[in-house]
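Commentary on secondary and tertiary structure
The residues making up each chain are set out below.
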Amino acid sequence: MRTASRHRLDAAWQALRQWLGATVLPAQCALCGIGCPQVLCPPCRAQYLGQLRHRCRQCANPLDDVATLCGRCLRQRPAYDATITAFDYAAPVDQLLLQLKFGARLALAPLLAELLHVAIQQQPEWEAPHLLCPVPLGPARLAERGFNQALEIARPLARLLDVALQPRLALRVRETRAQSGVAPQERQANLAHAFAIAPEHAPLLQGCHVGIVDDVMSSGHTVNALAAVCKSAGAARVSILVVARTPPR
């Protein structure tokens, strides 16, 4: 009993230290560590997040020319209709997402939402969705992490866009392995039948434009699976709003 109590105390102390480090201790830049009142100092913001790349309008993969769609989307259209991202998932800015997701630095979520909002505002053909739907986590993953990073980003983004947030619209009805740990050829199968629309919210999707929010988009199988479920439930259009896009290799 004494050992179990000590373990609980250690876990509580670790959680308190993590919370203090994320929210209370003196502010410093999340990338370079210099002391500043903002989460990201102006030099880092200007150097690493200053310009948007030309991208495929459907999947947001970088494009070198004036084409609007990449070859992959021309060959096989995904279930979603458009994707907007703030930056490539690459060093050093990938640290912003890693600190949020694995370091529980929740103070980064509003910054990431702001960066995504800036990218959205720079899209000339932007159509605002009727509602935002964060990619849901399974119960086991949510209990392990303690929060859903997609929801933490979606909350401030919904306020910036003045769009309704529906955090319980979609459910992850089957626990899946993390896509990062699955071989590329197995990722689509890993997400088969993983998502469903909550029956009480299904009427919201009829003829609706849904904005799916996530932190990182790599292969695109996760958001594509969720977009397909939304379309099957009656959504007319699905846009993916993702903070970072992993460049193709």
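Described below are features of the structure shown in this document. The numbers attached to residues start from 1 for each chain and follow its sequence in the written order. Local features are withheld for residues below a pLDDT of 70 in this predicted model, meaning they are given only at 70 or higher, and side-chain atom pairs are given and counted only at 80 or more; totals for whole chains, interfaces and linings count all residues. Working from all heavy atoms in the structure, the side-chain values ignore hydrogens and water.

1. Points about the overall build of the chain
To be explicit about the condition: Helix numbering and strand numbering both begin at the N terminus, where a helix is a DSSP run of H or I of at least 4 residues and a strand a DSSP run of E of at least 2. The buried label applies to any residue whose accessible area, calculated with a 1.4 Å probe on protein chains only, is under 20% of its type's maximum; exposed applies above 50%, and partly exposed to all values in between. Only the protein chains shown count as covering a residue, and every accessible area follows the Shrake-Rupley method with a 1.4 Å probe.
Regarding its fold elements, the chain presents 9 helices and 7 strands. Expressed as a percentage of the 249 residues in the chain, the buried residues total 45%. Taken as a whole, the chain presents about 13400 Å² of accessible surface, with 54% of it coming from carbon and sulfur.

2. Considerations on the packing of helix α5 (residues 108-121) against helix α7 (residues 149-161)
To be explicit about the condition: Convention adopted: a line fitted to C-alpha atoms gives each axis, helices being fitted over their contacting stretch, and angles between N-to-C directions are expressed from 0 to 180 degrees. Angle categories are assigned with fixed cut-offs, so that under 35 degrees is roughly parallel, over 145 is roughly antiparallel, 65 to 115 is roughly perpendicular, and the rest are oblique. Here is the rule for handedness: rotate from the far helix to the near one, and if that takes an anticlockwise turn smaller than a right angle the crossing is left-handed, while a clockwise turn gives right-handed. Residue contacts follow a heavy-atom distance rule, with two residues in contact if any of their heavy atoms lie within 4.5 Å. Residues were grouped as follows: Ala, Val, Leu, Ile, Met, Phe, Trp, Tyr, Cys and Pro as nonpolar; Asp, Glu, Lys and Arg as charged; and all remaining residues, including Gly, as polar.
Where α5 contacts α7, the two axes come as close as 8 Å, and the packing angle between them is 45 degrees. The orientation of α5 relative to α7 falls into the category oblique. Helix-helix and strand crossings are classified by hand; for α5 and α7 the assignment is right-handed. Only E152, I153, P156, L157, L160 and L161 of α7 make contact with α5, whose side of the interface consists of A109, P110, L112, A113, E114, L116, H117 and I120. Its residues assigned to classes, the contact of α5 with α7 shows 11 nonpolar, 1 polar and 2 charged.

3. Focus on the environment of L63
With respect to the helices, strands and loops of the structure, L63 is situated in the loop between α2 (42-48) and α3 (71-75). A relative accessible area of 15% means that L63 is categorised as buried. With 10 residues separating them along the chain, L63 and R53 place their C-alpha atoms 7.9 Å apart. Sequence-distant contacts of L63, defined by excluding residues within four places in its chain, comprise H54, R55, C56, T68, L69 and C70.

4. A few points about the pairing of strand β6 (residues 209-217)
Quick note on the threshold: The rule for pairing is simple: two strands pair if DSSP sees at least two bridges between them. The handedness of a crossover follows from its direction of travel: if, with the strands pointing away from the viewer, the path from the first strand over the helix to the second runs clockwise, the crossover is right-handed.
Among the 9 residues in β6, 9 count as buried, and that is most of the element. As defined by bridge partners, strand β2 (residues 131-134) adjoins β6 across 4 bridges and the pair is classed as parallel. Paired with L131 across the bridge in β6 is V210. Taken together, β6, helix α9 (residues 221-232) and strand β7 (residues 237-245) form a β-α-β motif whose crossover is right-handed.

5. Topic: the layout of surface pockets
Applicable threshold: Any residue with an atom within 4 Å of a point lines the site, the site being either a cavity, points on a 1 Å grid over the protein atoms alone where a 1.4 Å probe fits but cannot get out, or a pocket, an open set with protein on both sides within 12 Å along at least 5 of 7 lines. Grid points are joined across faces, edges and corners, and a volume is the space filled by probe spheres set on the points.
In this model, the second largest pocket occupies a volume close to 680 Å³. At the level of secondary structure, the elements contributing two or more residues to the lining of the second largest pocket comprise β1 (82-88) and β7. Broken down by element, the lining of the second largest pocket gets its largest block of residues, 4 residues, from β1. Grouping the constituent residues of the lining of the second largest pocket by class yields 10 nonpolar, 8 polar and 8 charged.

6. Here's the deal with the environment of T85
On the secondary structure map, T85 appears in strand β1. According to the relative accessible area criterion, T85 is buried, its value standing at 5%. Put simply, T85 and R245 are 160 residues apart on the chain and 6.4 Å apart in space, counted from C-alpha to C-alpha.

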